[in-house]
Amino acid sequence: MGKILEKIRSPQDLRQLSRQELETLCEEMREVIIRTVSDNGGHLASNLGVVELTVALCLTFSPPKDSIVWDVGHQSYPYKLLTGRYSGFSTLRREGGLSGFPNREESPCDSFTSGHSSASISSALGLSEACRLQEDDSRVVAVIGDGALTGGLAFEGLNNAGQFRRNLIVILNDNTMSISKNVGSLARYLTYMRTKPGYIKAKSSVEDALGRVPLVGKPIARLMRRAKSNIKKLLYNSTIFSDLGFAYYGPFDGHNIKELSETLEAAKLLKKPVLIHVRTYKGKGYQYAEQSPTLYHGISGFNVDTGDPGEKAQTFSDVFGQTLCRLAEKDEKICAITAAMAEGTGLAGFRQQFKGRFYDVGIAEEHAVTFAGGLAAGGMLPVFAVYSTFLQRCYDQLIHDVALQKVKVLLAIDRAGIVGEDGMTHQGLFDVAFLRTVPGVTLYSPAYFGELREQTAYLAEKGRGLCAIRYPRGRELYKPVYFHSGTESYFVYGSHSAEICIVTYGRLFSFAAEAADKLGARGIGVKLLKLNRVIPIAADAVSEVLDCPQVFFFEEGIRQGGVGEYFATLLLEGGFAGRYVLRAIDQPFIKHAPMFRALEQLGLSTGGICRTVLEHYKEEGAEFAEKEA
């Protein structure tokens, strides 16, 4: 296993291999990726699809001197294997191990940390200009998928990059749709000829020579370019990239190393931006991923021999999707919107049941919010299901295109809080803080499935303006026997006369309830204030704790601008004279680790909550250290 791969320490080592050895290397890389993802979880189909492309890139360019920017970055596993990280690849997505995405802190070959979509062209252009300004001849390449190209930021980058007369290579990895289908064998032959280095050098020489001919040289050159452009428009369906100032080549077989390498070498000779269109197949080399690329896009683990991912426990995403379908059966105005995440957000069932009211807008979260604002202004009830981390992109649209319009839109914020192994680019820690600044927002944060059902229905039926409900990734956790579900703005559990009050919301209520049980067993009376409605905070909820000597607020979100800070303000304004302790997340770029482990390190687990309370009781809290799976 990995006899060739284990000898690769850097991309330069590839140049010593024969073509047959490169093919064998690709097979070894696929075997390692399949085995590792089956154990650790991660993105499989997309990585299997770019193995040959990655080899060709590393043959042609020299990272870290040359920069290769991977859009989103979930397809960077082969690149990690070829840039000195094979020995640690078994630690992928494990605590203290390799990240599942490019990370500047992990390797100098990762020129830009990524995790969100459509940003590669803009960041690559910035890197390219930085090289020019410093008289550095390093090359810059952006690799972007056809899905990421649906994001507006990608076109902003293309539009800007096309104005620069400098080599910047953008590789369009097309594994789904035909963006620029060539017509006939002549077009394919001309594409092949145009990427030959000899053709490019000759073309440049002719243009330079014509430019030196007095009077008639430049007009003839312009006439030739105009004629060439018109012929290309007859031969190619799409000229958008050429119109934006790029030299367009393709499509090419994304699994042909020789053809890709020759094309990339030719592209390096051009003194203008180049877009190379390659076609790849998601899941290539693993039968089950080839047959079901969506299932194996992101997966928690599976049996390599059978492809079986095992039984999947019910998740908050599942419950939300089921709830929305039930609501849509009764209310024909309900529409569902996703930004290319129908399966991830639980909307696959809605898509099947209500095709006419389902909208997948592509990876275009900003557009999704404004589109929702338009639907709402037209009398519909749009529901936009989106991961917390991707909602960050929509701040302006939430203010200008929803709140300002005074229309009703419901946000279903999935993956709120710590997400675990996807790491710092995907943690859902900012949404509450920035939503607090949007006028007129109503935000609920359920801890359990039943609450999610009830509160979603309540917001859909009775909410006004911009409404939102946020919930964590995965399954529901410990539920105390005294818990009761509802849509009230808050609940209080325990003795109202207790000297200690723990305040929290969302998933952390499970840990706070366990901590209260443990503290109660020590004879320490605790009451729990569970905020159901996080924005706005009910005045009565503040009044509940004004006379409490010690109030502890635990929040699975950023401290600055979060609910905990605001709750403290409300207490002070109400004349609170006790001790207030806030535990939230001060450093929000949390690295990948299992959710339980990350919360333990942040002091937000059951043990962490107990220790915080006991510290102020002058007792030792170490014995309450959490033992969580």
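Q: Help me out: how do you make sense of the sheet that holds strand S6 (residues 273–279) in this one?
A: Whenever strands of a sheet pair, they do so through backbone hydrogen bonds, lying parallel or antiparallel. Taken in spatial order, the five strands of this open sheet run S2-S3-S4-S6-S5, and their pairing is parallel. The strands lining the two open edges of the sheet, one partner per strand, are strand S2 (67–70) and strand S5 (247–253). Taken over all neighbouring pairs, the strand axes of this sheet differ in orientation by 20° on average, direction set aside. Sheet analysis places S5 next to S6, joined by five bridges and oriented parallel.

Q: Quick question: what am I supposed to make of the nonpolar core here?
A: Proteins that are soluble and globular tend to have nonpolar side chains buried together. Counting 54 residues, the largest nonpolar core has Leu 398, Leu 411, Leu 529, Leu 531 and Phe 567 as the members making the most contacts within it. Tallying contributions element by element places helix H15 (residues 365–377) first for this core, with five residues. Listed in part, the 53 residues of the second largest apolar core include Leu 57, Leu 82, Phe 252 and Val 274.

Q: Explain the environment of Phe 596 here, please?
A: Structurally, Phe 596 can be placed in helix H23 (residues 595–601). With ten residues separating them along the chain, Phe 596 and Thr 606 place their C-alpha atoms 9.8 Å apart.

Q: Explanation requested: the pattern of salt bridges in the structure shown.
A: Should the charged atoms of two oppositely charged side chains come close, the side chains can pair. Scanning the entire structure with this criterion turns up 24 salt bridges. Glu 95 is paired through a salt bridge with Arg 597; the nearest N and O atoms lie 3.1 Å apart. On the criterion of sequence distance, the pair formed by Glu 95 in the loop between helix H4 (77–82) and helix H5 (120–133) and Arg 597 in helix H23 is long-range, its members being 502 residues apart. What emerges from the salt-bridge pattern is a single network uniting Lys 80, Arg 85, Glu 106 and Asp 110.

Q: What should I look at first to understand the side chain of His 426 in this one?
A: Looking at the element boundaries, His 426 is found in the loop between strand S11 (409–414) and helix H18 (431–435). In this structure His 426 touches Phe 101, Gly 115, Thr 389, Phe 390 and Val 419, once residues within four positions along its chain are discounted.

Q: In this structure, what is going on with the sheet that holds strand S19 (residues 579–585)? I would like to understand it.
A: Spatially, five strands are ordered S14-S16-S15-S18-S19 in an open sheet, and the strand pairing comes out mixed. Unpaired on one side and paired on the other, strand S14 (490–493) and S19 mark the two borders of the sheet. Strand-to-strand twist of the sheet, defined as the mean angle between neighbouring strand axes without regard to direction, takes the value 15°. Two elements, strand S15 (residues 500–505) and strand S18 (residues 550–558), share four bridges in a ladder whose sense is parallel. From the neighbouring strand, Val 503 faces S18, where its bridge partner is Phe 553.

The rules behind these values
- Residues numbered from 1 in each chain as written.
- Predicted model: local features only at pLDDT ≥ 70, side-chain atom pairs only at ≥ 80, totals over all residues.
- Heavy atoms only, no water.
- Pairing = 2+ DSSP bridges.
- Helix = DSSP H or I, 4+ residues; strand = E, 2+ residues; numbered from the N terminus.
- Axes fitted to C-alpha atoms, helices over the stretch in contact; angles between N-to-C directions.
- Core = buried A, V, L, I, M, F, W, Y, C linked by side-chain atoms within 4.5 Å.
- Buried < 20%, exposed > 50% of the residue type's maximum accessible area, 1.4 Å probe, protein only.
- Salt bridge = Lys/Arg side-chain N within 4 Å of Asp/Glu carboxyl O.
- Contact = heavy atoms within 4.5 Å.

Function cannot be read off these values alone, since they describe shape.
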